[in-house]
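One-letter residues, chain by chain:
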Amino acid sequence: MKTAITELFGIQHPIIQGGMHYVGFAELAAAVSNAGGLGIITGLTQKTPELLAKEIARCRDMTDKPFGVNLTFLPSFTAPPYPEYIAAIKEGGVRIVETAGRSPEQYMPVLKAVGIKVIHKCTSVRHSLKAEKIGCDAVSVDGFECGGHPGEDDIPNMILLPRAADELKVPFVASGGMADARSLVAALAMGAAGMNMGTRFIATKEAPVHPNVKKALVEATELDTRLVMRALRNTERVLKNKGVDQLLEIEREKANTLKIQDIQEQVAGVYPKVMVDGDMDAGAWSCGMVVGLISDIPTVKELIDRIMAGAELIIRQRLTGFLDGDEAQKPVRAVA
Ligand SMILES: Cc1cc2nc3c(=O)[nH]c(=O)nc-3n(C[C@H](O)[C@H](O)[C@H](O)COP(=O)(O)O)c2cc1C
């Protein structure tokens, strides 16, 4: 399949693995790129720019295909040295950066000067248009369903994607709620040129996280995510657990007087506890509603291959079948 995204990034399939804190290590990024998608290392999971340089080198040892690095600009207890991280990306020869959180405007000149392609993750049409205006090559349009930070507008992808298609000139991928062949075909139908998956990629053999995390994803349903930190305008969709229950209780008590310090225990330093130690009740970690569509732990290649095969089947048989009048009665179960 060829789309504006496969052509822009030089990849075989229009499938991107979004940056994920404590998940997006070289192992996962390389597996996704080797399977024909675009793997992305999460820059800030590496505690220093030097460590990011090493992670990039490790990834390069595992794949000769294109891969990217995610740079997230979110409120944090201490601001990371972004220019040094960008230098590590540049010197590591990485040519694709996924940005997220705040606008990457101030870093665009340095990224563009060395020919780095930038895909910015946006949760609204207005932010997507801004990304286009400041020279981003593509946008990852992240609907309300998404794991991580869905923004404050709460617009699901059924609305957000066609709205983005109506307004944007640069190509965009659908992000949030994407899991299988049906997601990909639906995203393409709504005007996207591919899809970005986060949560689904955690439940794969290569994702370098504790087995408890993968088990929790297989067991959870679409009813098991919660929104936290809304009062701080830093809303995050997370998987429900005991730590998250405590967090929500504190949020109820404090209401509009909530400060980040009130919930530090439930949000700071949680990722290593969950992803490394497998402590599933530690607190808030991002997870999308798409968890309801996850029921197995395939290899990344199995996942991507069945998405692409399933997408072809849906397009060639189911959709054209409707036009030919011979598919009317057939359900489209999880072919992927
Ligand atoms: C565990 C986890 C950690 C994430 N960490 C980051 C991050 O550090 N930076 C970022 O830009 N997005 C992060 N995301 C968001 C993903 O890149 C992606 O946009 C999102 O997961 C898409 O929604 P989905 O989970 O429904 O596929 C994270 C998502 C998950 C599930």
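Placed above this text is the structure.
So, about unusual backbone geometry. A positive phi angle, near 55°, is found at Arg233, a position not held by glycine. Counting through the fold element by element, Arg233 comes out in the loop between strand S9 (225-228) and strand S10 (236-239). Relative accessible area serves as the criterion here: at 64%, Arg233 is assigned to the exposed category. Even without being glycine, Ala255 reaches a positive phi, approximately 50°. With respect to the element layout, Ala255 can be found in the loop between helix H11 (242-254) and helix H12 (264-267).

Okay, the site of the ligand next. If you check the shell around the ligand, you find 24 residues, and the closest are Gly19, Thr72, Lys121, Gly177 and Thr199. Note that an oxygen atom of the ligand is positioned 2.7 Å from one of the backbone N or O atoms of Gly19. With respect to the ligand, the side chain of Thr199 contributes an N or O atom lying 2.5 Å from an oxygen atom. For the ligand, whose unbound accessible area comes to 590 Å², protein coverage reaches 94%. For the shell around the ligand, the elements supplying multiple residues, two or more each, are strand S3 (67-73), strand S8 (195-197), helix H9 (199-202) and helix H13 (270-276). Across the shell around the ligand, the residue classes tally to eight nonpolar, 14 polar and two charged.

Looking now at the pairing of S3. Across the seven residues that make up S3, a large majority, six, are buried. In this structure, strand S2 (residues 39-42) lies alongside S3, joined through four bridges in parallel fashion. Within the sheet, the bridge partner assigned to Ile41 lies in S3 and is Val69. Both S3 and strand S4 (residues 96-101) contribute to a ladder of five bridges, which runs parallel. Paired with Thr72 across the strands is Ala100, a residue of S4.

Conventions used here
- Residues numbered from 1 in each chain as written.
- Predicted model: local features only at pLDDT ≥ 70, side-chain atom pairs only at ≥ 80, totals over all residues.
- Heavy atoms only, no water.
- Helix = DSSP H or I, 4+ residues; strand = E, 2+ residues; numbered from the N terminus.
- Buried < 20%, exposed > 50% of the residue type's maximum accessible area, 1.4 Å probe, protein only.
- Near = heavy atom within 4 Å.
- Polar contact = N/O pair within 3.5 Å; in protein donor to acceptor, adjacent residues only side chain to side chain.
- Areas by Shrake-Rupley, 256 points an atom, 1.4 Å probe, with all protein chains shown as cover.
- Nonpolar A, V, L, I, M, F, W, Y, C, P; charged D, E, K, R; others polar.
- Pairing = 2+ DSSP bridges.

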